[in-house]
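# Analysis of the macromolecular model
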Amino acid sequence: MVQGTVNLNTQLDREWIQEYVDDWVRFYRKATKEGKVATYIPVLAEANPEHLGISIHGKNGMVISSGDVDVVFTIQSISKVLTFIVACMERGVSYVLDRVDVEPTGEAFNSIMHLEMKSLNKPFNPFVNAGAITVTSMLEGKNSQEKLNPVFDLLEKIVGYRPIINQQVFKSEDETSARNRAIGYYLLETGLLESDLGVTLETYFKQCSIETTVNDLARIGLILANDGLDPESEEEIIPRQIARTTKALMLTCGMYDASGKFATYVGIPAKSGVSGGIVALAPPRVRPMQFPFIDGCGIGVYGPALEDRGNSIAGMKLLKHIASQWDLSIF
Ligand code: DON
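Sequence order as written defines the numbering, with residues in each chain counted from 1. At least 70 in pLDDT is required for a residue's local features to be given in this predicted model, at least 80 for side-chain atom pairs to be given and counted, and no such filter applies to totals for whole chains, interfaces and linings, which use all residues. Side-chain numbers come from the whole structure's heavy atoms, not from hydrogens or water.

Strands are treated as partners if at least two bridges between them are detected by DSSP. Counting from the N terminus, the helices are DSSP H or I runs at least four residues long and the strands are E runs at least two residues long. With antiparallel pairing, the five strands of this open sheet are ordered in space as β2-β1-β7-β6-β5. Two strands in the sheet have a free side with no partner beyond their single neighbour: β2 (63-67) and β5 (270-272). Adjacent strand axes in the sheet meet at a mean angle of 10° when their direction is disregarded. Lines fitted to C-alpha atoms define the axes here, with helix axes fitted over just the stretch in contact, and angles between the N-to-C directions of these axes take values from 0 to 180 degrees.

With that settled, the discussion passes to the pairing of strand β7 (residues 297-302). Buried means the residue's accessible area, taken with a 1.4 Å probe over protein chains only, is under 20% of the maximum for its type, while exposed means over 50%, and partly exposed covers the values in between. Burial of β7 is extensive: six of the six residues sit out of reach of the surface. Side chains of β7 alternate between two faces, with Cys-297, Ile-299 and Val-301 and Gly-298, Gly-300 and Tyr-302 buried alike. Judged from the six bridges that link them, strand β1 (residues 53-58) and β7 form a sheet pairing that is antiparallel. Bridging from a neighbouring strand, Ser-55 pairs with Gly-300 of β7. When strand β6 (residues 277-282) meets β7, the two strands line up antiparallel, connected through six bridges. Across the sheet, Leu-281 pairs through a bridge with Gly-298, a residue of β7.

Attention shifts here to the pattern of salt bridges. Salt bridges are counted wherever a side-chain nitrogen of Lys or Arg sits within 4 Å of a carboxyl oxygen of Asp or Glu. In this structure the tally under the stated criterion is 18 salt bridges. Close ionic contact of Arg-162 with Asp-153 constitutes a salt bridge, the shortest N to O distance being 2.8 Å. Relative accessible area serves as the criterion here: at 34%, Arg-162 is assigned to the partly exposed category. Among the ionic pairs, Lys-157 bridges to Glu-235, the shortest N-O distance being 3.7 Å. Here the residue Lys-157 occupies a position in helix α6 (residues 144-159), and Glu-235 occupies one in the loop between α10 (214-225) and α11 (240-253), the gap between them amounting to 78 residues.

One way to put it is that helix α7 (residues 167-174) packs onto helix α9 (residues 197-208) with a least axis distance of 8 Å and a crossing angle of 135°. Taken together, the axes of α7 and α9 lie oblique to each other. For the pair α7 and α9, the sense of crossing is right-handed. On α9, the residues touching Phe-170, Glu-173 and Asp-174 of α7 are Glu-202, Tyr-204, Phe-205, Lys-206 and Cys-208. Ten residues, namely Ala, Val, Leu, Ile, Met, Phe, Trp, Tyr, Cys and Pro, are considered nonpolar, four, namely Asp, Glu, Lys and Arg, are considered charged, and the remaining ones, Gly among them, are considered polar. Its residues assigned to classes, the contact of α7 with α9 comprises four nonpolar, no polar and four charged. Each angle receives one of four descriptions, namely roughly parallel if under 35 degrees, roughly antiparallel if over 145, roughly perpendicular if within 65 to 115, and oblique otherwise. Helix crossings fall into two classes, left-handed where the near helix is turned counterclockwise from the far one by less than a right angle and right-handed where it is turned clockwise. Any pair of residues with heavy atoms lying within 4.5 Å of one another is described as a contacting pair.

Given the number of residues in a helix, its expected span is that number minus one, multiplied by 1.5 Å. Here α9 contains twelve residues, and its C-alpha end-to-end distance of 16 Å stays within 8% of the 16 Å for a straight helix at 1.5 Å per residue. In terms of burial, α9 is largely enclosed, as ten of its twelve residues are buried. Of the surrounding elements, those touching the buried residues of α9 are β3 (73-74), α2 (79-91), α5 (129-138), α6, α7 and α8 (178-189). Between the side-chain oxygen of the N-cap and the backbone nitrogen of Gly-198 there are 2.9 Å, and the N-cap of α9 in question is Asp-196. In protein, a polar contact means a hydrogen-donor-capable atom and an acceptor-capable atom, both N or O and within 3.5 Å, with residues adjacent in sequence counting only if both atoms are side-chain atoms; elsewhere, any N or O pair within 3.5 Å suffices.

Another point: the packing of aromatic side chains. Any two rings among Phe, Tyr and Trp, with Trp reduced to its six-membered ring, count as a pair given centres within 6.5 Å; such a pair is stacked if its planes are under 30 degrees apart, edge-to-face if over 60, and tilted if neither. With the rule as written, the count across this model stands at nine aromatic pairs. Members of the aromatic cluster, each reached through a chain of ring pairs, are Trp-16, Tyr-20, Trp-24, Phe-293 and Trp-326. To sit over a ring, a charge needs its Lys NZ or Arg CZ within 6 Å of the ring centre and within 35 degrees of the ring normal. Against the face of Tyr-95 rests Arg-99, its NZ or CZ located 3.5 Å from the ring centre. Over the aromatic face of Tyr-265 sits the side chain of Lys-320, whose NZ or CZ is 5.3 Å from the ring centroid.

This is the structure in structure tokens:
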């Protein structure tokens, strides 16, 4: 790739990097045919399975976007990153981790097997549905609006506008999610819920229905890559310990039962959502080699065609290729 003393901030280099990413998106769009859009939340089945888009925001201010970057989709499980951050900011990391562990399950995101099979007496991690619903119950507030206001405040600071909830997607999940209701009742029965079950599930379905774009996801990734600091203003958006704990969980649990392979073959913290989004990030690299985004970047990917674990199949392949080309791995 790029070696030596090339200055990657020049317009020429930027155009050359853009051409590479355009080519890679064109190539990996073919992989969308290997996946299927989610249908268990009926409205998600309306997505175009051939869509693939990416946006990369560098700490140096360079932005590279390619493919279907104007598509608005719902954040789904990527919202679990935000609610975990807000719960830790409201209650403290220790309080949250006393109630939800930090271990990958190796099971599907909506599995309830570990809840009963293991004597943990708490969900394995905040990114499987059981852990996420538990975290959502910890958010301060008596109703979904009060619970989610701080999440929208955080998002507004990161992406520069206040996103909205897609009411059609919210209604679609609220009307069909027997599995999450089962998880909720189990958590209620075992004393793990800290809010009314109905309020908790309404809040959870609404957080999953927040609208987003690959640009927004790249901004979230960039703030985390920058240890919680806004790279332009240096304002602390997310406290350092919370940012670091979040990145560790993204690396070990963010892609569910594909997290081990993703960490091994891609090597960067990431969190997927079932509507096809992936937020990923690369911290500054140590070696002085001139790869693009050497001082860190956030990445947002959208590709609604999913592999069987609920992750964007073309998105994962595209991220794997870029990580190998630009030495993004943190290992
Ligand atoms: O709870 C659910 O099933 C969805 N609202 C979110 C699941 C999800 O995004 C899993 N990630 N791939």
